[in-house]
Amino acid sequence: MPPPPPITNTIRRLRFDHGEMTQQQLADAIGMTRQTIAAIEQNKYSPSLEAAFRIAEVFGVEIGEVFQWKADQSQKGGGGPS
């Protein structure tokens, strides 16, 4: 199984904070399927840049409040060929 994408999100919390919005309501608002929203929330799928902006717009927040980048720890520290 591949590792999860290095992008995490706060969509579930944002949905709760916005009147307990359902995944289906969010999906309808941005033109995606409920299954796609569920996969994004569970960090199994990284949305397109356009979809990420649409999600942020629905909640009235900056994109950085919805999505956070976690750099791959295995690539840090140089460690190139000797």
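Structure first, text after, so check above.
Which parts of the structure should I look at to understand the side chain of Thr-10?
Within the element layout of this structure, Thr-10 appears in the loop between β1 (7-9) and α1 (11-17). Under the relative-accessibility criterion, Thr-10 is labelled buried at 18%. If sequence neighbours within four positions are ignored, Thr-10 has contacts with Glu-65, Val-66 and Gln-68.

Would you explain helix α2 (residues 23-30) in this entry?
Given 3.6 residues per helical turn, the α-helix brings residues three or four places apart onto the same face. Buried within α2 are the following residues: Gln-23, Leu-26, Ala-27 and Ile-30. Summarising the axial view, the buried residues of α2 lie within an arc of 100°, below the 170-degree limit, and thus occupy one face. The elements touched by buried residues of α2 are α1, α3 (34-41) and α4 (49-59). Note on α2: the residue one or two positions beyond its end, Gly-31, has a positive phi of about 75°.

Is there a simple way to think about the packing of α2 against α4 in this case?
The packing of two helices is summarised by the inter-axis angle and the distance between the axes. Running from N to C, α2 and α4 cross one another at 115°; their axes reach a closest spacing of 10 Å. Relative to α4, α2 is oriented roughly perpendicular. Between α2 and α4 the crossing geometry is right-handed. Every residue of α4 that contacts α2 at Leu-26, Ala-29 and Ile-30 is listed here: Arg-54, Ile-55, Val-58 and Phe-59. A per-class count over the contact of α2 with α4 returns six nonpolar, no polar and one charged.

Any chance you could explain α4 here in plain terms?
Every buried residue of α4 is accounted for by Ala-51, Ala-52, Ile-55, Ala-56 and Phe-59. All buried residues of α4 lie within an arc of 140° about the axis, which places them on one face of the element. Exposed and facing more than 90 degrees away from the buried side of α4 are Leu-49 and Glu-57. Elements in contact with the buried residues of α4: α1, α2, α3, α5 (63-66) and β2 (67-69). One or two steps after α4, the chain reaches Gly-60, where phi turns positive at roughly 70°.

So, how was this worked out
- Each chain has its residues counted from 1, running along the sequence as written.
- For this predicted model, a pLDDT threshold of at least 70 governs which residues receive local features, and a threshold of 80 or more governs which side-chain atom pairs are given and counted, while totals over whole chains, interfaces and linings are taken from all residues.
- Note that water and hydrogens are dropped before the side-chain values are worked out from all heavy atoms of the structure.
- In DSSP terms, a helix is any run of H or I states spanning at least four residues, a strand is any run of E spanning at least two, and both are numbered starting from the N terminus.
- A simple rule labels every residue: compare its accessible area, found with a 1.4 Å probe on the protein chains alone, to the largest value its type can have, and call it buried under 20%, exposed over 50%, or partly exposed in between.
- The contact definition used throughout considers only heavy atoms, calling two residues in contact when any of these lie within 4.5 Å.
- Within this analysis, the arc is defined by the directions that extend from the helix axis to the C-beta atoms.
- Orientation is described by lines fitted to C-alpha atoms, with helices fitted over the stretch in contact, and by angles between N-to-C directions that extend from 0 to 180 degrees.
- Each angle gets one of four labels, with under 35 degrees taken as roughly parallel, over 145 as roughly antiparallel, 65 to 115 as roughly perpendicular, and the rest as oblique.
- In this scheme, a crossing is called left-handed if the near helix is turned counterclockwise away from the far one by less than a right angle; it is called right-handed if the turn is clockwise.
- Residues were grouped as follows: Ala, Val, Leu, Ile, Met, Phe, Trp, Tyr, Cys and Pro as nonpolar; Asp, Glu, Lys and Arg as charged; and all remaining residues, including Gly, as polar.

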